[in-house]
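# Structural features, examined
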Amino acid sequence: MAGVRRAAAVEASNAALLVSAFIFASLLVMYDLELRKKSMNIPPRPTEWVTDVSGVLSPGFVQQQRNKLEGWHEDTGHRLLVYVTPTIGDPALSYDAYTRVLFDSWGVGRVPQHDGVVLFIFTADDMRWVRVGWGLMAALPDEEVTRICVEVIKPLIHQNEWD
């Protein structure tokens, strides 16, 4: 009986150690991200529904998408932005970290609902990334976002069909 209790105590101790290590590693990552954020050149918050820094979208297409996104916003209250830029600029940053910093810095979506979405397209890097506020994660889960990026957006971009 004592051996079973000792094994259970060791198992609980190991679990606590793993949780502590995870928390410590998470804090290190967040601290590193905060340091990088201070040295990052964060673009200003977009003032339009579609921002094309790369210049690959035609003005007509941009206006058409702006109208659609404005209508969706009026119908739902949710905010979806499209941000097209050549690159993240800093090869030491991951797309995940970079888009998280921009999404958080820009404050996309309503504050209590956290219902913003940003589609990032990095033209020179051939990369697409979507940031979804936690208030829309049930409606737009990671699997659906990945499917849209891989099955819809990527093939069009590879065919040079920006519009």
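Residues numbered from 1 in each chain as written. Predicted model: local features only at pLDDT ≥ 70, side-chain atom pairs only at ≥ 80, totals over all residues. Heavy atoms only, no water.

What follows covers helix α3 (residues 95–106). With twelve residues, α3 should cover 16 Å at 1.5 Å per step; its first-to-last C-alpha distance of 16 Å lies within 8% of that length. Considered for burial, the residues of α3 that qualify are Tyr95, Ala97, Tyr98, Thr99, Val101, Leu102, Phe103 and Trp106. (Helix = DSSP H or I, 4+ residues; strand = E, 2+ residues; numbered from the N terminus. Expected span 1.5 Å × (residues − 1). Buried < 20%, exposed > 50% of the residue type's maximum accessible area, 1.4 Å probe, protein only.)

The next point concerns the confidence of the model for the protein. Here the protein averages 83 in pLDDT, while 78% of its residues score no lower than 70. Looking across the protein, the model is least confident in helix α1 (residues 2–39), with a mean pLDDT of 61, and most confident in strand β1 (residues 50–52), with 96. (pLDDT = per-residue confidence, 0-100.)

Burial analysis of strand β3 (residues 116–122) places seven of its seven residues in the buried class, which makes it a mostly covered element. Residue alternation in β3 divides its side chains into two sets, Gly116, Val118, Phe120 and Phe122 and Val117, Leu119 and Ile121, and both sets are buried. Where strand β2 (residues 79–85) lies against β3, seven bridges are found, and the strand directions are parallel. Bridging from a neighbouring strand, Val82 pairs with Leu119 of β3. (Pairing = 2+ DSSP bridges.)

Its location among the elements puts Leu140 in the loop between β4 (127–132) and α4 (142–158). The class of Leu140 is partly exposed, set by a relative accessible area of 21%. Taking C-alpha positions, Leu140 is 9.4 Å from Val117, a pair spaced 23 residues apart along the chain.

A few words now on the pairing of β4. In regular strands, side chains alternate between the two faces of the sheet. Sheet topology places β3 next to β4; six bridges connect them, and they run antiparallel. Pairing of Val117 across the sheet is with Val132, part of β4. The antiparallel hairpin formed by β3 and β4 contains four residues in its connecting segment, where Asp126 sits at a positive phi of about 50°.

Attention shifts here to the packing of aromatic side chains. The full count for this structure, using the stated rule, is seven aromatic pairs. Aromatic side chains Tyr95 and Trp129 sit 6.3 Å apart centroid to centroid with 25° between the ring planes, which places their arrangement in the stacked category. Of this pair, Tyr95 sits in helix α3 while Trp129 sits in strand β4, and the two are 34 residues apart along the sequence. (Phe/Tyr/Trp six-rings, centres within 6.5 Å; stacked < 30°, edge-to-face > 60°.)

So, on to the nonpolar core. Core analysis: the largest hydrophobic core is formed by 35 residues, its most contacted members being Leu57, Tyr98, Trp106, Val118, Phe120, Ile121 and Val130. Listed by contribution, the elements that provide at least two residues to this core are α2 (59–76), β2, α3, β3, β4 and α4. No other element matches the seven residues that α3 contributes to this core. The residues contacting Phe120, other than those within four sequence positions of it, are Tyr83, Thr99, Leu102, Trp106, Met127, Arg128, Trp129 and Arg131. (Core = buried A, V, L, I, M, F, W, Y, C linked by side-chain atoms within 4.5 Å. Contact = heavy atoms within 4.5 Å.)

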